[in-house]
Amino acid sequence: VCSSDLKVLCKTDIDEAVEASFLFLDEVLRILRNVRAEMQLPPSAFIDVWILGKKEDRRCVEEHQNVLEALVKIRKLEFAEVAPHLPLSARKKLGALEIEIPLPEELKEKEKNRLIKEQEKLAKQLESLKGKLQEKEFLEKAPSEILQKMTGQVKELEMQWKNTLDKLRFLP
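Remember, it's a predicted structure, so these values are computed and weren't measured experimentally.

Caption draft 1: Seen up close, unusual backbone geometry. One non-glycine residue, Gln40, lies in positive phi territory at about 60°. Judged by relative accessible area, Gln40 falls into the exposed class, the value being 56%.

The following block contains the structure:
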């Protein structure tokens, strides 16, 4: 193709509203694909998607939902102003909107096994740190900075353990 065969656009040929819509939809697609990759979903798997925000902020996605459904395997595309209770989901912000993708049913067993292993690992780490902090000899010799650091680690691990337990409650 010769460059002389190409039509040169004038600035008047560019519709700024269409350009903005296209860029916005491109960003929505990028988020959906990234979340799918983070969840390690196979390309054949369908996802549910929630678009959260005010009606005027969701308008572009609602008008072009067929484009999204053609480019990403979407089982169900829902729109709402307020997020429903979706305990195991990924949520990404895009301007005034939030895009939420619940964990697909076919991944819940895998996630449950991962969380159980994570909880076991955290329990071992907690047991080890608490054991150290109960040793009289260690407490006498360790600098106060180390003791403070270890105490902080215990609190952090306990919080992670609790969060893991909370997530496990939502899985069958």
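That covers the picture; the talk isn't over yet.
Caption draft 2: A look at the layout of surface pockets. In this model, the largest pocket occupies a volume close to 380 Å³. Along the walls of the largest pocket sit 14 residues, with Glu38, Met39, Leu103, Glu111 and Arg114 positioned nearest its centre. Elements represented by at least two residues in the lining of the largest pocket include exactly α1 (16-38), β3 (89-94) and α4 (105-134). Of the residues belonging to the lining of the largest pocket, the class tally is seven nonpolar, two polar and five charged. Here the second largest pocket defines a volume of roughly 180 Å³. In this structure, the second largest pocket is lined by 15 residues; those nearest its centre are Asp48, Pro102, Leu103, Glu105 and Lys108. Those elements that place two or more of their residues in the lining of the second largest pocket are β1 (47-52), β2 (74-80) and α4. Top contributing element to the lining of the second largest pocket by residue count: β1, with three residues.

Caption draft 3: Here's a closer look at the pattern of salt bridges. This model, assessed by the stated rule, comprises 13 salt bridges. Ionic pairing is found between Glu137 and Lys141, a salt bridge with its closest N-O pair at 3.4 Å. Here the residue Glu137 and the residue Lys141 both occupy positions in helix α5 (residues 136-141), the gap between them amounting to four residues, near one helical turn. Its relative accessible area of 53% is what places Glu137 among the exposed residues.

Caption draft 4: Molecular detail of the pairing of β1. Taking burial as the measure, the six residues of β1 include six buried ones, the bulk of the element. Residues Ile47, Val49 and Ile51 of β1 are buried on one face, and the alternating residues Asp48, Trp50 and Leu52, pointing to the opposite face, are buried as well. One ladder, built from six bridges, connects β1 with β2; its direction is parallel. If you follow Asp48 over to β2, its bridge partner there is Lys76. Pairing of β1 with strand β4 (residues 97-102), which is carried by three bridges, proceeds in the antiparallel orientation.

Caption draft 5: Layout of the packing of aromatic side chains. Evaluated as defined, the whole model comprises zero aromatic pairs. The side chain of Lys132 reaches across the aromatic face of Phe138, ending 5.3 Å from its centre.

Caption draft 6: A look at the sheet that holds β4. Ordered in space as β2-β1-β4-β3, the four strands form an open sheet in which the pairing is mixed. With one partner strand each, in any of the chains shown, β2 and β3 form the two edges of the open sheet. On average, each strand axis in the sheet is tilted by 20° relative to the strand beside it, whichever way the strands run. Lying on the sheet, α1 is in contact with β1, β2, β3 and β4; it crosses β3 at an angle near 155°.

Caption draft 7: Spatial organisation of α4. Taking 1.5 Å of rise per residue, 30 residues should cover 44 Å, and α4 covers 43 Å from first to last C-alpha, within 8% of that figure. Looking at α4, one finds that the buried residues are Leu107, Lys108, Glu111, Leu115, Gln119, Leu122, Leu126, Leu129 and Leu133.

Caption draft 8: Focus on the side chain of Asp48. Its location among the elements puts Asp48 in strand β1. By relative accessible area, Asp48 is classed as buried at 18%. A polar contact is formed between the side chain of Asp48 and the backbone nitrogen of Lys76, at a distance of 3.5 Å. Dropping the residues within four chain positions of it, Asp48 is found in contact with Arg75, Lys76, Glu100, Ile101 and Pro102.

Rules used in this analysis
Residues numbered from 1 in each chain as written. Predicted model: local features only at pLDDT ≥ 70, side-chain atom pairs only at ≥ 80, totals over all residues. Heavy atoms only, no water. Buried < 20%, exposed > 50% of the residue type's maximum accessible area, 1.4 Å probe, protein only. 1 Å grid on protein atoms, 1.4 Å probe; cavity = no way out; pocket = protein on both sides within 12 Å on 5 of 7 lines; lining within 4 Å. Points joined across faces, edges and corners; volume = space filled by probe spheres on them. Helix = DSSP H or I, 4+ residues; strand = E, 2+ residues; numbered from the N terminus. Nonpolar A, V, L, I, M, F, W, Y, C, P; charged D, E, K, R; others polar. Salt bridge = Lys/Arg side-chain N within 4 Å of Asp/Glu carboxyl O. Pairing = 2+ DSSP bridges. Phe/Tyr/Trp six-rings, centres within 6.5 Å; stacked < 30°, edge-to-face > 60°. Lys NZ or Arg CZ within 6 Å of the ring centre and 35° of its normal. Axes fitted to C-alpha atoms, helices over the stretch in contact; angles between N-to-C directions. Contact = heavy atoms within 4.5 Å. Expected span 1.5 Å × (residues − 1). Polar contact = N/O pair within 3.5 Å; in protein donor to acceptor, adjacent residues only side chain to side chain.

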